Amino acid sequence: MVTTEDFVSLAVMGSLSAFAYWSADYYISTLGDLFIKANLFGRDLNKSSDAKVPEALGVVAGMAFLVTRILYLVASSISELVFQFELKRFYHDECAVHAIALMMFLGFADDVLNLKWRHKIVLSTLASFPLVTNFPGMTKIIWPKVLRPFLGMYFDIGIIYYIYMSMLAVFCTNAINILAGVNGLEAGQTLVIAASVLAFNVIECFVFEHAVDQHLFSIFIFMPFLAVTAALLKHNWYPSRVFVGDTFCYFAGMTFAAAGILGIFSKTLLLFFIPQVLNFLYSVPQLFHIIPCPRHRMPRVNAHGLLGMSHTEFAVDDLPGLGKLALKVIQLFRLAHIEKIDDGKRLRMNNLTLINFVLYVAGPVHERNLTLILLSIQLCGTLVAFAIRYPLAWMFY
């Protein structure tokens, strides 16, 4: 049951989240030149302008988030000392902050040093350990109703569940990063997912009063996180004045993982990543290099200023066995635009990302409209997630 202490604590965090939005908005707008002077900048390949755009401004949003969490701890201590009123504190706060701060460091290091993928995967896995080793829930899965007479109520999968949670953290930190390349998409999809998870937490906490403390823990994470993400999106929206960088993608992913794992709703969390899961599955042939993968797979601007598909070119005979099998599946289900070049000796195929698939289906579109289409898909994913989590779950569980 939600107590008076909880409501007061939510009000304090709400006020601090407003401060987080203001501070992130202010410093993102003022620190851009400093990043450019430090050679942390990029150029928007989808614009005719060659202007320098400050890169890795996600670190400012991340710092505003961490400062807000620290200020809440200060406010809690002051409240207890001066007013003898203790604000809501959570046992796992430090674990979450440690993991999020570590991933921010990794993301910023990637922006500066351009780390290899194998390093990112290893470091992401290590960063998940504070979450996994402090997981407060059970490692049991519940069988569907129809199977319970034969298999019982639960099945304990033990260490496999910890491996799953570690893999979830790695997936979250990279899923947003590989669905990127147009203005506003990284911050926009993060905002939609965060708002969706927050809505789920509010429903569970205030409507069903289920696992109140765990969902309050997540609410306290997502209130300032939504604020700093909204501030970043304001500057990253088309035409983008800043780039969020890998720093923000890793910071956002680990924030989701921390809330889901320590809030004990990791399986539900994955439902809100349906577009990211589809993008990953669609990208697998290129991510594992069984089909050639260029360094940048973002769409390309045409002569009319619209974004179209980007492509990869290869000879079928040069593909490994798995690559030829993947190509046959893609051709069978018409999952990509494929054309023959060099008198049929080579093929040109659109890069396997959800962005390019949308352009394959819809044709060339304006960059802002492309972002809106992709965010609409994200919203549809949220509706599917809620349909699975409530009506379908109630039917089977």
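The present account deals with the structure reproduced in this document.

Our next topic: the overall build of the protein chain. A tally of helices and strands in the protein chain yields 15 helices and nine strands. For 397 residues, the compact-globule estimate of 2.2 N^0.38 gives 21 Å, and the C-alpha radius of gyration of the protein chain, at 22 Å, lies within 12% of that figure. Seen through its C-alpha atoms, the protein chain measures out along the principal axes to roughly 80 × 65 × 35 Å. Relative to its 397 residues, the protein chain shows a buried fraction of 50%. Long-range contacts, defined as pairs at least 24 residues apart, comprise 74% of the intrachain contacts of the protein chain with a sequence gap of at least 6.

Attention now moves to a nonpolar patch on the surface. A cluster of nonpolar side chains, contributed by F19, Y21, W22, Y26, Y27, M63, V67 and L71, occupies part of the molecular surface with about 740 Å² of accessible area. Elements with a minimum of two residues in the nonpolar patch: α1 (4-30) and α3 (58-82). For the nonpolar patch, the leading source of residues is α1, giving five residues. Along the chain, the position of Y21 falls in helix α1.

The next thing to look at is the side chain of T255. Note on placement: T255 falls in helix α10 (residues 245-262). On the basis of relative accessible area, T255 is assigned to the buried category, the value being 0%. Each residue touching T255, except ones within four places of it in the same chain, is listed here: I100, I221, F222 and F225.

What follows covers the packing of aromatic side chains. One pass over the structure, following the stated rule, counts 29 aromatic pairs. Between the aromatic rings of F200 and F272, the centroid separation amounts to 6.3 Å while the plane-to-plane angle is 55°, which identifies the pairing as tilted. Of this pair, F200 sits in helix α8 (residues 185-207) while F272 sits in the loop between α11 (266-271) and α12 (274-287), and the two are 72 residues apart along the sequence. Comparing F200 with F272, the two get one shared label, buried.

Taking 1.5 Å of rise per residue, 25 residues should cover 36 Å, and α3 covers 36 Å from first to last C-alpha, within 8% of that figure. One or two residues past the end of α3 sits Q84, with phi positive at roughly 55°.

As a further point, take the pairing of strand β7 (residues 311-314). Alternating residues of β7 divide into T312 and F314, all buried, and H311 and E313, none buried. Pairing analysis gives four bridges linking β7 to strand β9 (residues 346-350), with the strands arranged antiparallel. Counted as the bridge partner of T312 is M349 from β9.

Let us look at the sheet that holds β9. Spatial strand order, β7-β9-β8: three strands in an open sheet with antiparallel pairing. Two strands in the sheet have a free side with no partner beyond their single neighbour: β7 and β8 (338-341). Going across the sheet, the axis of each strand differs from the next one's by a mean of 25°, ignoring polarity. Packing against the sheet, helix α13 (residues 321-332) makes contact with β7, β8 and β9, and its axis sits at approximately 60° to β9.

What counts as what
Residues numbered from 1 in each chain as written. Predicted model: local features only at pLDDT ≥ 70, side-chain atom pairs only at ≥ 80, totals over all residues. Heavy atoms only, no water. Helix = DSSP H or I, 4+ residues; strand = E, 2+ residues; numbered from the N terminus. Rg over C-alpha atoms; globule rule 2.2 N^0.38 Å. Buried < 20%, exposed > 50% of the residue type's maximum accessible area, 1.4 Å probe, protein only. Contact = heavy atoms within 4.5 Å. Patch = residues over 30% accessible without salt bridge, like charges linked within 9 Å, V, L, I, M, F, W, Y side chains within 5 Å. Areas by Shrake-Rupley, 256 points an atom, 1.4 Å probe, with all protein chains shown as cover. Salt bridge = Lys/Arg side-chain N within 4 Å of Asp/Glu carboxyl O. Phe/Tyr/Trp six-rings, centres within 6.5 Å; stacked < 30°, edge-to-face > 60°. Expected span 1.5 Å × (residues − 1). Pairing = 2+ DSSP bridges. Axes fitted to C-alpha atoms, helices over the stretch in contact; angles between N-to-C directions.

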